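# What the coordinates show
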Amino acid sequence: MEIETSKNPLLLSKVEEPAKTPSGWRIIWRELVRDKVALLSLIFLVLITAFVYGISLFLDQEEIVTVDLFAIHQPPSADFWLGTDYGGRDIFGQLIIGTRNSLSIGILVTVMTGLIGIIFGMVSGYFGGAVDNIMMRIVDFFMILPFLMIVIVFVAIVPKYSILSFSLIMTAFLWMGKARLIRSKTLQERELDYVQASKTLGSSNFRILFTQVLPNLSSIIIVAMTLNLAANIGLESGLSFLGFGFPESTPSLGTLVSYARNPQTLQDRWWIWVPASLLILVLMLSINNVGQALKRATDARQRRG
Amino acid sequence: MWKFTVRRIFVMIPQVILLSVIIFILAKMMPGDALSGLIDPNIDPATIEAKREALGLNNPWYVQYWDWIKNAVQGDLGQSFQFKMPVSEIIGQRLTNTFWLALLTLIITYLIAIPLGITSGRFNDTWGDRLITGYTYVGFGMPLFIFALVMLWIFGFKLGWFPSGGSVKPGLDPGSFEYIVSKFKHMLLPALSAALIATVGTVQYLRSEIIDIKQKDFIQTARAKGASESRVYNRHILRNSLLPIAAFFGYEITGLIGGSIFIENIFSYPGIGQLFLGSINIRDYTVVTSCVLLFGIAAILGSLLSDIILSIVDPRIRIK
């Protein structure tokens, strides 16, 4: 096997590579392999994502959330692997769909806040001066709002409340951190020679920002977005727990945990809330592990690999 | 320092005004108005219209905003239709509960965080440090509401060491010794749950700060002069590493505000967070807006406090 691959001309180039600086992806990969916990976390995340999205193709959400009064609060059995809730709904099915929904909204909010943060932060940092001043005051203003309360109020008063409006509301009050981070990095970046050189050659600001500065910020953006994903899943499940996230007909991990606010359920019916709680915890820890490994990969001083 | 403080307070004024505008817009977006709860549906529309006129609800928005602000500054936040009493009175009762809970949480947070951070930083890479790092690692990924539920499950129900809800045992005479003890007992578990999660950031920060400072030249100098190990740690390292912690004090308050909504909900503790959730569920919007205004101002004051402390402990900030 070894001999065969080394003869392959395509792979030959790879052997020579150490002479060059390793590419970004290579560094990330080396860091992940060196950090076994992060690697395991990544494998777990890939598996669970594939599992919940795959299985939920065969599950019927309508069927799972239909109330069945003959099967209320059943303990785990062959029919219901994790028992049923107060409406006789299968917990296992809700857990799968809930994980899928929580992951989806987490990813959606992360991507949307990321986009706003990137554009806002880069424009503000690149142009500087009065533009920067005004834009940062806007950020400051959003930062002082009591996030949880404002989001809850919006969720309560928005007419025709849906998953899309929920993620838009969350996005509207979560993009500031990323805008600040990217602004400060853009400020450093625009002083570098390549930006000046590109300007001298007559590149438009748009071109410099999105084809030259942006790639240089990509590693920081990826790290920030990974860590944000964990936080957003936590926020979504927290809001669903309070009853201001997904509507009840759409299961989420937080909704399952919220059944534990009933003292009876908390004490005697562990199968309803313990699996969902554990899943939230493991998901957040795994995403954080991967995020920390990525963070080390972007900072040469901290690298292990 | 005074110059910085005064300037910082001036920055705060537009923040508060903007916050009040946002809350006012939110209040206007809410379905119904102050009248929907006051009158019964049998009254004919003309009377309602007359009352609306009398209450100024038909005025242009800037007049309404001005009236609202004027009354709010004077302590009149309107009428709650759920409780049939002035909002300021309801909030007053709940606010004391939230205040004591937040204070206890802060005290416990620092009581846990500072010794743990110091141990972890001073004896880094020993088993003790690994234990503490393990705790902060799990705590960092643990959502507050799940942790609080588990605490309630174990200590409130399974072991029965703490009461599982409320803020005081009913039937006790306010002001008596037993009343205070009962209040404390009801606060301890919620405060402990919130504190154990809130410590995480402080412990991690203190640890890395101490490890960082340990390697600085001035510590070498202190050692070379023959200062004892405890003197090096207490006088040289701790002094430097505790300053940023002191400065984060104000931001802790902001964090507590968000947390109190979860904590009060889970432990059925009658504070502002609980009042807020209860009022929004039954659409008692005068109470809702007052709670948001109150917590919003508390958050602004928290960041003001942090900036002022920071300017005292770190002179570089003042120049800016």
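Residues numbered from 1 in each chain as written. Chains lettered and ligands numbered in written order. Predicted model: local features only at pLDDT ≥ 70, side-chain atom pairs only at ≥ 80, totals over all residues.

### Some words on the overall build of chain B
Check the secondary structure of chain B and you find 13 helices and two strands. Dimensions of chain B, computed from the C-alpha atoms along their principal axes, are close to 90 × 55 × 40 Å. Looking at chain B as a whole, 34% of its 320 residues are labelled buried. (Helix = DSSP H or I, 4+ residues; strand = E, 2+ residues; numbered from the N terminus. Buried ≥ 20, exposed ≤ 12 C-beta atoms within 10 Å, placed from the backbone.)

### Remarks on the overall build of chain A
Looking only at helices and strands, one finds 15 helices and zero strands in chain A. Here chain A holds 305 residues, and 40% of them are scored as buried. Sequence separation of at least 24 residues holds for 66% of the intrachain contacts in chain A that already meet a minimum separation of 6. (Contact = placed C-beta atoms within 7 Å.)

### Quick look at the packing of helix H6 (residues 91-127) of chain A against helix H15 (residues 270-298) of chain A
Residue and element names in this part refer to chain A. Two elements in contact, H6 and H15, have axes whose closest approach is 10 Å; the angle formed by their N-to-C orientations is 25 degrees. With respect to H15, the element H6 is oriented roughly parallel. Judged by the twist between their axes, the crossing of H6 over H15 is right-handed. For the pair H6 and H15, contact is made by Ile91, Leu95, Gly98 and Thr99 and by Trp271, Ile272, Pro275, Ala276 and Leu279, respectively. Across the contact of H6 with H15, the residue classes break down as seven nonpolar, two polar and no charged. (Axes fitted to C-alpha atoms, helices over the stretch in contact; angles between N-to-C directions. Parallel < 35°, antiparallel > 145°, perpendicular 65-115°, else oblique. Left-handed = near helix turned anticlockwise from the far one by under 90°. Nonpolar A, V, L, I, M, F, W, Y, C, P; charged D, E, K, R; others polar.)

### Thoughts on the nonpolar core
One finds Ala148(B) and Cys291(B) to be the most contacted residues of the largest nonpolar core, which totals 127 residues. In terms of residue count, helix H12 (residues 205-242) of chain A provides more of this core than any other element does, 15 residues in total. The contacts of Ala148(B), once residues within four sequence positions are left out, are Ser193(B), Phe262(B), Ile263(B) and Ile266(B). (Core = buried A, V, L, I, M, F, W, Y, C linked by C-beta atoms within 7 Å.)

### Here's the deal with unusual backbone geometry
All names here are of chain B. The backbone of Asp125 shows a phi angle near 65 degrees, a positive value even though the residue is not glycine. Tracing the backbone shows Asp125 in the loop between helix H4 (87-122) and helix H5 (127-141). At Ser268, a residue that is not glycine, the phi angle is positive and equals roughly 40 degrees. Structurally, Ser268 is set in the loop between helix H10 (249-266) and helix H11 (272-281).

### Some points on the interface of chain B and chain A
Listed by partner, the interface residues are 35 residues for chain B and 29 residues for chain A. Those elements that place two or more of their residues in the side of chain B that touches chain A are helix H1 (2-29), H5, helix H6 (144-158), H10, H11 and helix H12 (285-313) of chain B. Here the side of chain B that touches chain A takes eight residues from H12(B), the largest share from any one element. Its residues assigned to classes, the side of chain B that touches chain A comprises 28 nonpolar, seven polar and no charged.

### Re helix H11 (residues 193-200) of chain A
With respect to burial, H11(A) is a largely exposed element, only zero of its eight residues being buried. Just downstream of H11(A) lies Gly202(A), where phi reads positive at about 90 degrees.

### Notes on the packing of H6(A) against helix H9 (residues 163-172) of chain A
Relative placement of two packed helices is described by the angle separating their axes and the distance separating the axes. Residues and elements named next belong to chain A. For the pair H6 and H9, interaxial distance at closest approach is 9 Å and the crossing angle is 45 degrees. Taken together, the axes of H6 and H9 lie oblique to each other. Along this stretch, H6 crosses H9, giving a crossing that reads as right-handed. Contacts between H6 and H9 involve Ile105, Leu108, Val109, Met112, Thr113 and Ile116 on the former and, on the latter, Ile163, Ser167, Met170 and Thr171. In terms of residue class, the contact of H6 with H9 is made up of seven nonpolar, three polar and no charged.

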